[in-house]
Amino acid sequence: MTLLWTLTRVQLRGLLTSIGARNTRKSKVRSAWLILALFGALAVYISSVYSFALAAMLAPTGNADLVLMLMPALGLIFAVLMGSQAAGMFVFAGRDNDLLLALPISRLTLALAKLAAVGIENLLLMACMLLPAGLAYSMHGVTPGWFWPVLILDAVLLALLATAASVLFGLGISVIRNLRQGTTIVNVAGMVLLLALVGGSAVAQVPLMERLTSNPGSVRAGVRTWLAPLAWVRDGAIDGSPGAIALLGLATVVPFAAVAWLVGRAFVALVSGASARRGTAVRVDLDALRTRSPFAALVRREAKRFFGTSIYFLNTGIGLAFLLVGAGYLLVVRSLPNEWWTVASVIAVTPATLAALAASGMLTTVTTTAPSISLEGQRLWIVKSAPLATSTILGAKLAFNVLLMAVGIVPFAIAAAIATRAGIADALLLVALPLAVGVLVAELGLIYNLVWTNLNAANDTIIVKQSAAVVVTLFSGMALVLLAAVAGLAMARPLGASAAFGLVTGVLALLALGGWTLIRTWGVRRFATLL
Amino acid sequence: MLTITHLTKHYGDKTAVADLSLTVPPGAITGFIGRNGAGKTTTLRSAAGILDFDAGVITIDGHDVRTDPVSAKRVTAFLPDNPDLYEFMSGLDYLSFIADIYGIPATSRRSLIERYATAYGIDGDLGSSVGSYSHGMKQKLALVSALIRTPRLLMLDEPFVGLDPVAAHRLKGDLRSLCDAGGAVLFSTHILEVAQALCDNIAIISAGRLVVSGPTSSVVGDSSLEKVFLDLQGDSAGAAPPGATPQPAQEGPQPGASA
């Protein structure tokens, strides 16, 4: 047990260090605990909001206990999503695998230690989801003496189940990553899954709420039939049913034990297999080599970095994904929500103008330029030693960002024009205003990254999520959209909404021209001092 | 080919290179020797156009690195000591990227990549992600990416570190071939035996200053490069060894021992 606990502590430290965001080991662990605490706080917040609202809604019909069936489901989904990422990168692709396998430790102990580290992370999440649900229930129902101890036990058991699922998913992620273009596949699949979850929950939320209100018994029956372990959570905590607790124990401990045994037995093969797959020769067809201009090659390089770097893709691509999902929604529904029409008429703008402003706001999160120079890191020597004008290098970064934005703007503009029955002026505005905002924000991102460059970050996460350039660009973009909205609204009554925002777009375009001039002059001089 | 005149570079209060003047003639391999922190990497990076410098003039094939950097870099290939490459690309993607940047035509691109990738034993790995490469494979990929450009000036920082014996032997042959075709090579190394056997000229730097440069035979004399180097490190005045005086390398190819 001592050995297992020692290994688990080391593995947990390693897991925290891999997500920590500072450059020294101690500060990395501290920052990782902070990140975990923030996740926990977010989980508590989400759980509290949903739990208390659900409990209050269900209490009049005597169904407040359904909170203890539904919130564990949400907790499991979150835990599996987060745990899969940790398992894929840490359990199977951990850099300490060679060292650990060389030590006189049984494979099972090693597997248990790795799984336990992921399990502790999942336990934190499950506890943060379940305990607020328990509190919400307690305000409407009786909580016997065993309620809280059983609920805590339930959190531990569900964490085991989530860990088993996470490790299996993580294994899948690890295998796919080692394929050709594997990282890109994982990134795109992850984005699609995330969008499906967000979109699906948005679509399913209303019918579920209606069903909970009108026929909670059917939801209860459905959970007992198809998701029995969630019903056992409720039965064990509220009724104190030993049978429910035992069944939940079986349903969670057995899969965990099975996965631990499987990983222990196959760990060497799994790790060796991953190494072998990485080292497997992949045939290339030299005849298929294409030639490109240097500028096109630079833009392609930006694209490969974007799709090939998970945190970069997910962080800067999510806004684009939402734009595309929005476009799809508008094309299907062919109308904006009624509230949009109301707000538009109150503030004397067209719904198309509102949609253009919304798209502009979304685009401020799609700034690939803000971390792009820092992400070059110590590889900056490649382009700096190449026969390329600096303005070409910087221009390619800008061009890729604008291209990416255009991929979102064009479909959204078409869909919004149809949904709002926009005239020619508004239809043009739907493209021009977000594009002008996008170009200017992309330039700001590049300028800020030239000012605050970090070529020595410990990992890409620090650059993409926490660098000064990224944070300032995000807030600058929001401020820009707000200013554009205020300026347009101020001029809307005398000039008309389309003319007013057309003028705003023109000003933004002029500012963008100025931004490019600044990049071509000061930016080029600044770039020469880097590295 | 490469002319460095009065190069000076400071990092804050520290002077990394002080008033260094060096000429690398075409047709010759010049070895650049010095202790850690002596200023070799700073000099090479300044010449490659990666590092801005405080004073001096550097020209490559007549092009000033500061005022006409694109022309200077077009004829140059530089390899750092620990080549960080794009891990999100495959080996072939990276070579194709370099070929696009340097405008290598389609007609010759395929044959150059095939020739050098096969020679250095990475032809079977070009389809894999650079992130999966070992240090030696990255080193080889970086070398291949430099050689396919057929540069007039090849500058390498510690090129033999991490190379297996077969690849190291191949590299020596390629460096000699490049010089025989009229190009020039400047490389830094700590492996003095290789430098003595391979280089036509030797330049020794200490504490940011060039202490001796000249034909290898003159610098080494009847001694060994190792002894010369160690003697120079022990001599605070940095006096030249007997048989060689501190002088710029002579123009024109210097007869060099074969590798």
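Residues numbered from 1 in each chain as written. Chains lettered and ligands numbered in written order. Predicted model: local features only at pLDDT ≥ 70, side-chain atom pairs only at ≥ 80, totals over all residues. Heavy atoms only, no water.

Novice: Describe in detail the overall build of chain A, supporting the description with residues and values.
Specialist: When you go through chain A residue by residue, the secondary structure sums to 20 helices and 0 strands. Against the compact-globule benchmark of 24 Å for 531 residues, chain A has a radius of gyration of 26 Å, which places it among compact chains. Each principal axis of the C-alpha distribution contributes one length, and for chain A these read about 70 × 60 × 45 Å. Within chain A, counting contacts between residues at least 6 apart in sequence, those at least 24 apart form 81% of the total. Just so you have it, chain A exposes about 23,500 Å², and 72% of that area is on carbon and sulfur atoms. For chain A, the distance from the average position of its 36 positive side-chain charges to the average position of its 16 negative side-chain charges is 10 Å. (Helix = DSSP H or I, 4+ residues; strand = E, 2+ residues; numbered from the N terminus. Rg over C-alpha atoms; globule rule 2.2 N^0.38 Å. Contact = heavy atoms within 4.5 Å. Areas by Shrake-Rupley, 256 points an atom, 1.4 Å probe, with all protein chains shown as cover. Lys, Arg positive; Asp, Glu negative; His and termini not counted. Charge placed at Lys NZ, Arg CZ, Asp CG, Glu CD.)

Novice: Report on the interface of chain A and chain B, specifying residues and quantitative values.
Specialist: Residue-level contacts link 37 residues of chain A with 38 residues of chain B. Overall, the association of chain A and chain B removes approximately 3,400 Å² of surface from exposure, summing both partners, and the carbon and sulfur fraction of that is 63%. It is L286, W381 and P387 of chain A in chain A that bury the most area against chain B; as a group they hold 22% of the surface buried on that side. At the junction of chain A and chain B, the tally comes to 3 salt bridges. On the surface where chain A and chain B come into contact, there are 8 residue pairs in polar contact (both at pLDDT 80 or more). Secondary-structure elements contributing two or more residues to the side of chain A that touches chain B are α10 (242-279), α11 (294-308) and α15 (380-384) of chain A. For the side of chain A that touches chain B, the element with the most residues is α11 of chain A, which contributes 8 residues. Grouping the amino acids of the side of chain A that touches chain B by side-chain chemistry returns 18 nonpolar, 7 polar and 12 charged. (Buried area = accessible area lost by both parts, 1.4 Å probe. Salt bridge = Lys/Arg side-chain N within 4 Å of Asp/Glu carboxyl O. Polar contact = N/O pair within 3.5 Å; in protein donor to acceptor, adjacent residues only side chain to side chain. Nonpolar A, V, L, I, M, F, W, Y, C, P; charged D, E, K, R; others polar.)

Novice: With reference to specific residues and values, describe the confidence of the model for chain B.
Specialist: Residue and element names in this part refer to chain B. On average, residues of chain B score 89 in pLDDT, and 90% of them are at 70 or above. This stretch, residues 247-259, has a pLDDT under 50; its non-local contacts, to residues over four places away or in other chains, come to 31 contacts. Interface confidence for the predicted complex, given as ipTM, is 0.89, next to a pTM of 0.79. (pLDDT = per-residue confidence, 0-100.)

Novice: Break down the packing of α11 of chain A against helix α12 (residues 310-333) of chain A for me, citing the residues and quoting the values.
Specialist: A pair of packed helices is captured by two measures, namely the crossing angle of their axes and the spacing between those axes. All names here are of chain A. In the contact formed by α11 and α12, the axes pass within 5 Å of each other and the chain directions differ by 90 degrees. Considering their axes alone, α11 and α12 lie roughly perpendicular with respect to each other. Across from R305, F306, F307 and G308 in α11, the residues of α12 making contact are S310, Y312, F313, T316 and G317. Residues belonging to the contact of α11 with α12 are distributed by class as follows: 4 nonpolar, 4 polar and 1 charged. (Axes fitted to C-alpha atoms, helices over the stretch in contact; angles between N-to-C directions. Parallel < 35°, antiparallel > 145°, perpendicular 65-115°, else oblique.)

Novice: Which residues make up the domain arrangement of chain A, and what values do they have?
Specialist: When the parts of a complex come together, some accessible area is lost, and that lost area is often used as the size of the interface. Residue and element names in this part refer to chain A. Domain annotation of chain A identifies domain 1 (2-279) and domain 2 (291-529). The partner domain 2 presents 18 residues to the 17 residues of domain 1 that form the contact. Where domain 1 meets domain 2, there are 0 salt bridges. Where the side of domain 1 that touches domain 2 is concerned, the elements lending two or more residues are α2 (25-58) and α7 (182-214). No other element matches α7, which puts 8 residues into the side of domain 1 that touches domain 2. (Domains from an automatic or database assignment.)

Novice: Got a sec to walk through the UniProt feature "domain: ABC transporter" (unreviewed entry) in chain B? Specific residues and values, please.
Specialist: Feature annotation in UniProt assigns "domain: ABC transporter" (unreviewed entry) to the following positions: residues 2-232 of chain B. Helix makes up 38% of residues 2-232 of chain B and strand 27%, whereas the separation of the span's terminal C-alpha atoms amounts to 25 Å. (UniProt positions renumbered as here; feature names shortened; annotations may be inferred.)

Novice: Explain the packing of α11 of chain A against helix α16 (residues 390-420) of chain A to me, using residue names and the numbers behind them.
Specialist: Residues and elements named next belong to chain A. Two elements in contact, α11 and α16, have axes separated by 9 Å at closest approach and are oriented at 55 degrees. In this view, α11 runs oblique relative to α16, as classed from their interaxial angle. Along this stretch, α11 crosses α16, giving a crossing that reads as right-handed. In this structure, α11 uses F295, L298, V299, R301, E302, A303, R305 and F306 to contact α16, whose residues at the interface are T392, I393, G395, A396, K397, A399, F400 and L404. When grouped by side-chain class, the residues that make up the contact of α11 with α16 number 10 nonpolar, 2 polar and 4 charged. (Left-handed = near helix turned anticlockwise from the far one by under 90°.)

Novice: Explain the nonpolar core residue by residue, including any values.
Specialist: Within the largest apolar cluster, 165 residues are counted, with the highest numbers of intra-cluster contacts made by L2, F97, L175 and I204 of chain B. It is α16 of chain A that contributes the most residues to this core, 14 residues altogether. Apart from residues lying up to four places away in sequence, L2 of chain B is in contact with L22, T23, V24, A47, I58, T59, I60, L153, M155 and L186 of chain B. (Core = buried A, V, L, I, M, F, W, Y, C linked by side-chain atoms within 4.5 Å. Buried < 20%, exposed > 50% of the residue type's maximum accessible area, 1.4 Å probe, protein only.)

Novice: Can you explain the sheet that holds strand β2 (residues 14-24) of chain B? Please cite residues and give values.
Specialist: Residue and element names in this part refer to chain B. Taken together, the 4 strands give an open sheet; going across it, the order is β2-β1-β4-β5, and neighbouring strands pair in antiparallel fashion. Edge positions in the open sheet fall to β2 and β5 (63-64), since each of these has one partner strand only. Bridge analysis of strand β1 (residues 2-11) against strand β4 (residues 55-60) gives 5 bridges, and the strand direction is antiparallel. By the bridge assignment, T5 is partnered in β4 with V57. Here helix α1 (residues 40-47) sits on the sheet and contacts β1, β2 and β4; the angle it forms with β1, its principal contact strand, is near 120 degrees. (Pairing = 2+ DSSP bridges.)

Novice: Talk me through the environment of Q233 of chain B; I want residue IDs and the actual numbers.
Specialist: Residue and element names in this part refer to chain B. By the element assignment, Q233 lies in helix α9 (residues 225-234). As for Q233 and A207, which are separated by 26 residues in sequence, their C-alpha atoms are 9.9 Å apart. With sequence-adjacent residues up to four places away left out, Q233 is seen in contact with R35 and S206.

Novice: Please provide a residue-by-residue account of the environment of L115 of chain A, values included.
Specialist: Residues and elements named next belong to chain A. The topology assignment puts L115 in helix α5 (residues 107-138). The class for L115 is buried, based on a relative accessible area of 0%. Sequence separation of L115 and A303 is 188 residues, and the distance between their C-alpha atoms is 35 Å.

Novice: Help me get a handle on a nonpolar patch on the surface, residues and values and all.
Specialist: All names here are of chain A. A grouping of L123, L131, L135, W148, I152, L153 and V156 is seen on the molecular surface, where their side chains present a nonpolar patch of about 530 Å² in accessible area. The leading source of residues in the nonpolar patch is helix α6 (residues 147-177), at 4 residues. Residue placement: L131 occurs in helix α5. By relative accessible area, which is 33% here, L131 ends up partly exposed. (Patch = residues over 30% accessible without salt bridge, like charges linked within 9 Å, V, L, I, M, F, W, Y side chains within 5 Å.)

Novice: Lay out unusual backbone geometry with the relevant residues and their values.
Specialist: Residue and element names in this part refer to chain B. Of note in the backbone geometry, D19 takes a positive phi value of approximately 50 degrees without being a glycine. Inspection of the secondary structure puts D19 in strand β2. A positive phi angle, close to 55 degrees, is found at D61, a residue other than glycine. Here D61 lies in the loop between β4 and β5. The exposure class of D61 is partly exposed, given its relative accessible area of 33%.

Novice: Describe the pattern of salt bridges, with residues and values.
Specialist: Counting across every chain of the model gives 23 salt bridges over all chains. Its salt-bridge partner being E376 of chain A, residue K397 of chain A comes within 2.7 Å of it at the nearest N-O pair. Highlighted residues: K397 of chain A in helix α16 and E376 of chain A in the loop between α14 (351-363) and α15, separated in sequence by 21 residues. What makes K397 of chain A buried here is its relative accessible area of 2%. Since its relative accessible area comes to 0%, E376 of chain A is described here as buried. Its salt-bridge partner being R176 of chain B, residue D200 of chain B comes within 3.2 Å of it at the nearest N-O pair. With D200 of chain B in the loop between α7 (192-198) and β9 (201-206) and R176 of chain B in helix α6 (residues 165-180), this residue pair connects regions lying 24 residues apart in the sequence. On the basis of relative accessibility, which here comes to 1%, the residue D200 of chain B falls in the buried class. Salt bridges here are not isolated pairs; linked through shared partners, they connect D65, R220, R224, R234, D235 and D239 of chain A.

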